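Here is how the chains run, residue by residue.
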Amino acid sequence: KKFHTLSMVNTDTRSFSFEELQKYNGEEGRPVYVSVQRTVYDMSNGATFYGPGGPYHIFAGHECSRALAKMKIDENELNDTLEDCSEKERQTLQDWVKKFVSKYPIVGVVRD
């Protein structure tokens, strides 16, 4: 169950590959993009947390659904594999999605 809909997506959205997304890590003046359930959020106004030097900078430029569900800041968890996540972890992820939808613009989606 997702809490966001395509109607909330900016009309200027684009499609990113995982490799392209990595460029948007807040370094060299670039915006900070984070993907959750393959929806890409512009976290630039949260750069204190997600930008260079921030405690969650590891998420910048990555798909981080699993890391958020498991509440782990670990590059090995930066993916969208949820099959082995518990119901509680999946709910934790949905809580993050609700927070991100309310705070950060959606700028695109990640494609395979």
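Okay, so let's go over this structure. (Residues numbered from 1 in each chain as written. Predicted model: local features only at pLDDT ≥ 70, side-chain atom pairs only at ≥ 80, totals over all residues. Heavy atoms only, no water.)

Topic: the pattern of salt bridges
When their charged atoms lie close together, side chains carrying opposite charge are able to pair.
(1) Moving on: Here the structure, examined in full by the defined rule, presents seven salt bridges.
(2) Moving on: Between Glu 77 and Arg 66 there is a salt bridge, and its shortest N-O distance comes to 2.6 Å. Of this pair, Glu 77 sits in the loop between α3 (65-70) and α4 (87-103) while Arg 66 is found in helix α3, placing the two residues eleven residues apart along the sequence. Exposure class is identical for Glu 77 and Arg 66. Each is buried.
(3) Moving on: One salt bridge connects Lys 70 with Glu 89, and the closest N-O pair in it is separated by 3.2 Å. Linking Lys 70 in helix α3 with Glu 89 in helix α4, this pair joins segments that are 19 residues apart in sequence.
(4) Moving on: Salt bridges sharing partners connect three or more residues here, namely Arg 38, Asp 80 and Asp 112. (Salt bridge = Lys/Arg side-chain N within 4 Å of Asp/Glu carboxyl O. Helix = DSSP H or I, 4+ residues; strand = E, 2+ residues; numbered from the N terminus. Buried < 20%, exposed > 50% of the residue type's maximum accessible area, 1.4 Å probe, protein only.)

Regarding the side chain of Asn 25
(1) Moving on: Structurally, the position occupied by Asn 25 is in the loop between α1 (18-21) and β2 (33-36).
(2) Moving on: Taking the relative accessible area as the measure of exposure, Asn 25 reaches 13% and is therefore buried.
(3) Moving on: Those residues in contact with Asn 25, other than ones at most four positions away along the chain, are Arg 30, Pro 31, Val 32, Pro 52, His 57, Ala 60 and Gly 61. (Contact = heavy atoms within 4.5 Å.)

Quick look at the nonpolar core
As a rule of thumb, soluble globular proteins bury nonpolar side chains together.
(1) Moving on: Val 36, Tyr 41, Tyr 50 and Phe 100 are the most contacted members of the largest nonpolar core, which totals 22 residues.
(2) Moving on: Elements with a minimum of two residues in this core: β2, α3 and α4.
(3) Moving on: By residue number, the principal contributor to this core is α4, which donates five residues.
(4) Moving on: Excluding anything up to four places from it in sequence, Val 36 contacts Tyr 41, Glu 63, Cys 64, Ser 65, Leu 68, Leu 93, Val 97 and Phe 100.
(5) Moving on: Judged by nonpolar contacts, the second largest core, of seven residues, contains Leu 21, Tyr 24, Tyr 33 and Val 110. (Core = buried A, V, L, I, M, F, W, Y, C linked by side-chain atoms within 4.5 Å.)

Re the sheet that holds strand β4 (residues 106-110)
(1) Moving on: Taken in spatial order, the four strands make up an open sheet running β1-β4-β3-β2, and their pairing is mixed. Unpaired on one side and paired on the other, β1 (14-16) and β2 mark the two borders of the sheet. Across this sheet, the average inter-strand angle for adjacent strands is 35 degrees, counted without regard to direction. (Pairing = 2+ DSSP bridges. Axes fitted to C-alpha atoms, helices over the stretch in contact; angles between N-to-C directions.)

As far as function goes, none of this settles anything; it's purely spatial.
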